[in-house]
Amino acid sequence: MFAILCRLELKEYDFGPGHSFRGDRYEVFRQFLQENLPVDDNYRILAAGPATDKDLLLICEKEYVDFTKGFYQAANLGLSYPGQFFRFHSGDNQPLGRPGKLEEAARLIVGQAKKACDLVQEGEFKKVVSIGGGLHHAKPAYGEGFCLYNDVAFCGLYLLQKYNLDRILILDTDAHAGNGTSEYFYHEPRVLFIDLHQDPRTLYPGTGFANQIGSGNGRGFNINIPMPPYAGDDSYRLAFETIVEPVVKEFKPQIIIRNGGTDPHFADGLTNLGLPVSGFRMIGEKVRQMAEICDGRTIDLIASGYNEKVLPYGWLALICGLAGIELEIAEPEPIPQKLGTDSSLPETEKVVEEVKRQLRDYWSCLR
Ligand SMILES: [Zn+2]
């Protein structure tokens, strides 16, 4: 039995008509979930309240919260708001037309992160999924990449502060590098950040190289695995088996926080990776297996994906893999011939060697 946090109000996380990130994804997914996975014997859908200002101050500077709240409230009402948008946010956070109640929904997502931490730490559920979560580009005083408040960082900082954990794993499998999350924990040895993403030379945010391994006491605890374009099942399996799994075994996390939706899918509109829907199931399964080391304790944050057809299939595949549910999930898009075999595997082998070379002084399993 596991829990899914997924309130209907998430649909307000909507940058407006014509924007890449719309809020209807949450309604589409909820419907798909109910049709394909009966709620009673498998999971519960729970609701969380929004994060308070005090909660947000764990991850954000006050002037950023003040601006963000005022600006997006005004945008939702079709009004302009004084102040310099570009001081606090990048262009891809700029709403189009009339956006939803974005800031309120962003607070809800942080509220879900908090509730997920409490549910797992207090032993009510071993596994909690937060739909809408994984806003990994947001920084303490700067929002970018469709992210307002970084709920991934919130989980890490809240678990450090409230529950005194000292070995937290954050595993980021989104197609884009988690530049925000990385920045929060770059000096922090109690949080191991492992990030698989498309080669940053070919995709936003342009950071997340193998040699960015953390600094100060946090050196060795920031692990980037920049996957070559079109990397598919075999490439991901190699990265997990040669780096992620051995390092996690050596680190012995007390909890695993994983984030990322379906944007590594081969038919995603914003990226160039090569995973089929079955690849998301594999990621979920890998997380479930690795979590045996921490008695199954996992928080899973899912929001990304820029192919609407693929999104509900991929999200459900992640969840079924994580929860160990045997369910046949179709591939909604025809697999292109060039992806029939993973032609990026030789390139991935080189990446793996480079990552090992960068980190072998810090992890004996990589020597
Ligand atoms: Zn992404």
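The rules we used
Counting restarts for each chain, with residues numbered from 1 along the sequence as it is written. Reporting of local features is limited, given that this is a predicted model, to residues whose pLDDT is at least 70; pairs of side-chain atoms are given and counted only at 80 or more, and all residues count toward the totals for whole chains, interfaces and linings. Values reported for side chains reflect all heavy atoms of the structure, with hydrogen atoms and water molecules removed beforehand. Among buried residues, the Ala, Val, Leu, Ile, Met, Phe, Trp, Tyr and Cys ones that are joined through side-chain atoms within 4.5 Å form a nonpolar core. Between buried and exposed lies partly exposed: a residue is buried under 20% and exposed over 50% of the maximum accessible area for its type, with that area taken using a 1.4 Å probe on protein chains only. Working definition: helices are DSSP H or I runs of at least four residues, strands are E runs of at least two. Numbering for both runs from the N terminus. Donor atoms (N, O, S) are those found within 2.8 Å of the metal centre, with the cutoff raised to 3.2 Å for Na, K and Ca; water is not part of the atom list, so apparent gaps in a site can occur. Every angle between 85 and 135 degrees makes a four-donor site tetrahedral, while opposite donors more than 155 degrees apart, with all other angles between 65 and 115, make a four-donor site square planar and a six-donor site octahedral; other sites are irregular. When a carboxyl oxygen of Asp or Glu lies within 4 Å of a side-chain nitrogen of Lys or Arg, that pair is called a salt bridge.

A.B. asks: Even after reading the chapter, I still don't get the nonpolar core, so can you show me in this structure?
C.D. replies: Side chains of a nonpolar character, in soluble globular proteins, are inclined to be buried together. Counting 118 residues, the largest nonpolar core has Tyr13, Ile59, Ile131, Tyr149, Ile194, Ile223 and Ile225 as its most contacted members. Tallying contributions element by element places helix α6 (residues 102–121) first for this core, with 11 residues.

A.B. asks: Explain the coordination of the zinc ion here, please?
C.D. replies: Ideal geometry at a metal centre: 109.5 degrees between donors when four sit tetrahedrally, and 90 or 180 degrees when six sit octahedrally. Binding of the zinc ion to the protein goes through Asp174 (OD), Asp174 (OD), His176 (ND1) and Asp263 (OD), at separations of 1.9 to 2.7 Å. Around the zinc ion sit four donor atoms, and with donor-metal-donor angles ranging over 52 to 152° the site reads as irregular. Donor residues binding the zinc ion come from one chain and are separated in sequence as D-x1-H-x86-D. With a gap of 89 residues between them, Asp174 in the loop between β4 (168–172) and α8 (179–185) and Asp263 in the loop between β7 (255–259) and α10 (277–290) connect regions that are remote in the sequence. We classify Asp174 as buried; its relative accessible area is 3%.

A.B. asks: Whenever I open this one, the environment of Asp233 confuses me. Can you help?
C.D. replies: Residue position: Asp233 is located in helix α9 (residues 233–251). Considering only alpha carbons, one finds Asp233 and Ser278, 45 residues apart in sequence, at a separation of 8.2 Å.

A.B. asks: What exactly am I supposed to notice about the pattern of salt bridges here?
C.D. replies: Opposite charge on two side chains makes pairing possible when the charged atoms of those side chains draw close. All chains considered together, the criterion is met by 23 salt bridges. The salt bridge partner of Glu144 is Lys139, with a shortest N-O separation of 3.4 Å. The two residues Glu144 and Lys139 agree in class, both being buried. For the salt bridge of Glu245 with Lys286, the shortest nitrogen-to-oxygen distance reads 3.3 Å. With Glu245 in helix α9 and Lys286 in helix α10, the pair connects residues that are 41 residues apart, well separated along the chain.

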